[in-house]
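# Structure assessment
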Amino acid sequence: MQLTNRAKKTNKNPMTIAERLYLPALAGGLGTTIKHFFKKKPTIQYPEQKREFSPVFRGLHVLKRDDQGRERCTACGLCAVACPAEAITMIAGEREPGQEHLYREEKYAVEYEVNMLRCIFCGLCEEACPKAAIFLQPDKIAPAFFERDQVIFGKDRLVEKMDDRASVGIEKYTGVKS
Ligand code: SF4
Ligand code: SF4
């Protein structure tokens, strides 16, 4: 009794000499190889060559500075509250007199950490931030890790370098370019 029409009939004829010598199988295999040889290759020579990112790609976080180089983050904690993966932790501190050139607000993040193993790159931290301080960069992939202690990104890796400013479209939040 046939339950479905997907059953295949097996060929029970004795093999020919060519089949015994695997000639049809070899020709078929070579044909497949030649066909792929002339096709456009789907692979690229990464990292020398890079693919264009999707316009909605969200990459590695950056803690932005303002145009005077001061950290924008005021350690309000809204990004941590908004984070569905509980990936963000911080310790807030008060700015001391004389530190006005370092931190924009009276309160700042003494420590700020993102656990990249937890992060799902949803961008909710960026949406929640009232100070336009945290962004997910549209052109930087989070690096690969080989040890668990490498996955916690602190301020040393998150805060923007003045000589390597991150282009994140901050003007849509602030009206200015930094
Ligand atoms: S991108 Fe999403 S998961 Fe990652 S730290 Fe921000 S809010 Fe959390
Ligand atoms: S990054 Fe933004 S939301 Fe998060 S603590 Fe700093 S100011 Fe607040």
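Each remark here, short or long, concerns the structure printed above.
Predicted model only: the values in this text are computed from it and were never measured. One numbering rule holds for all chains: residues counted from 1, following each sequence as written. The lettering of chains begins at A and the numbering of ligands begins at 1, in the order of writing. For this predicted model, a pLDDT threshold of at least 70 governs which residues receive local features, and a threshold of 80 or more governs which side-chain atom pairs are given and counted, while totals over whole chains, interfaces and linings are taken from all residues. As a rule here, side-chain values cover all heavy atoms of the structure and leave hydrogens and water aside.

## With respect to the overall build of the protein chain
Along its length, the protein chain carries six helices and five strands. Helix and strand labels come from DSSP, where a helix needs a run of H or I of at least four residues and a strand needs a run of E of at least two; each type is numbered from the N terminus. Secondary structure elements of the protein chain, listed N to C terminal, follow the sequence α-α-β-α-β-β-α-β-β-α-α. For a compact globule of 178 residues, the expected C-alpha radius of gyration is about 16 Å, and the protein chain comes in at 28 Å, more than 25% above that figure. Dimensions along the principal axes, computed over C-alpha positions, put the protein chain at roughly 95 × 40 × 35 Å. To sort residues, take the accessible area from a 1.4 Å probe on protein chains only and compare it with the maximum for the residue type: under 20% means buried, over 50% means exposed, and anything in between is partly exposed. Here the protein chain, with 178 residues, has 29% of them falling under the buried criterion. Intrachain contacts of the protein chain at a sequence separation of at least 6 include 73% that bridge at least 24 residues. Using a 1.4 Å probe, accessible areas were evaluated by the Shrake-Rupley method; residue-level cover was limited to the displayed protein chains. Entry remark: accessible area of the protein chain is about 13,300 Å², with carbon and sulfur atoms responsible for 55%. Charge assignment in this entry is limited to Lys and Arg as positive and Asp and Glu as negative, and neither His nor the chain termini are counted. Charge coordinates come from a single atom per side chain, which is NZ of Lys, CZ of Arg, CG of Asp or CD of Glu. For the protein chain, the distance from the average site of its 29 positive side-chain charges to the average site of its 24 negative ones is 15 Å. For the radius of gyration, the atoms used are the C-alpha atoms, and the globule rule reads 2.2 Å times the number of residues raised to 0.38. Residue contacts follow a heavy-atom distance rule, with two residues in contact if any of their heavy atoms lie within 4.5 Å.

## Details of the site of ligand 2
What makes a residue near a molecule or strand is one non-hydrogen atom of that residue sitting within 4 Å of it. Residues in close proximity to ligand 2 total 14 residues, the closest being Cys73, Cys76, Gly77, Cys79 and Cys129. Residues are grouped as follows: nonpolar covers Ala, Val, Leu, Ile, Met, Phe, Trp, Tyr, Cys and Pro; charged covers Asp, Glu, Lys and Arg; every other residue, Gly included, is treated as polar. Looking at the shell around ligand 2 residue by residue, the classes come out as eleven nonpolar, two polar and one charged.

## Here we look at the site of ligand 1
Taken together, 13 residues sit near ligand 1, with Cys83, Cys119, Cys122, Gly123 and Cys125 positioned nearest. A breakdown of the residues in the shell around ligand 1 according to their chemical character gives eleven nonpolar, two polar and no charged.

## Considering the pattern of salt bridges
Basic side-chain nitrogens of Lys or Arg form a salt bridge, by our definition, when they fall within 4 Å of a carboxyl oxygen of Asp or Glu. Summed over the entire model, instances satisfying the criterion amount to seven salt bridges. A salt bridge links Arg70 to Asp66; the shortest N-O distance between them is 2.9 Å. For the residue pair Arg70 and Asp66, the accessibility class agrees, reading buried in each case. For Lys155, the salt bridge identified is with Glu71, shortest N-O distance 2.7 Å. Note that Lys155 is positioned in helix 5 (residues 155–158) and Glu71 in the loop between strand 1 (61–63) and helix 3 (78–82), a separation of 84 residues in sequence. Each of Lys64, Glu160 and Arg165 takes part in salt bridges that share partners, so that together they form one network.

## A few points about the environment of Lys131
Here Lys131 lies in the loop between helix 4 (124–128) and strand 4 (134–136). Taking relative accessible area as the criterion, Lys131 reaches 27% and is therefore assigned partly exposed. Once the C-alpha coordinates of Lys131 and Cys73 are considered, the two residues, 58 residues apart in sequence, prove to be 6.5 Å apart. The contact partners of Lys131, leaving out residues within four places of it in the chain, are Arg72, Thr74, Arg104 and Glu105.

## Comments concerning the sheet that holds strand 5 (residues 152–153)
The three strands are arranged 2-3-5 in an open sheet whose pairing can be described as antiparallel. The open sheet has two edge strands, strand 2 (88–94) and strand 5, and neither has a second partner. Strands were regarded as paired on the criterion that DSSP finds at least two bridges between them. Here two bridges tie strand 3 (residues 107–115) to strand 5, and the two strands are oriented antiparallel to one another. Bridge pairing in strand 5 places Val114 opposite Phe153.

## Section: the nonpolar core
Counting residues in hydrophobic clusters, the biggest one holds 22 residues, and the most contacted among them are Ile88, Tyr112 and Leu158. Where this core is concerned, the elements lending two or more residues are strand 3 and strand 4. The element best represented in this core is strand 3, accounting for three residues. Each residue touching Ile88, except ones within four places of it in the same chain, is listed here: Cys79, Ala80, Cys83, Tyr112, Glu113, Val114 and Cys125. By convention a nonpolar core is built from buried Ala, Val, Leu, Ile, Met, Phe, Trp, Tyr and Cys residues, the set being connected through side-chain atoms within 4.5 Å. Judged by nonpolar contacts, the second largest core, of six residues, contains Val62, Phe135, Val168 and Ile170.

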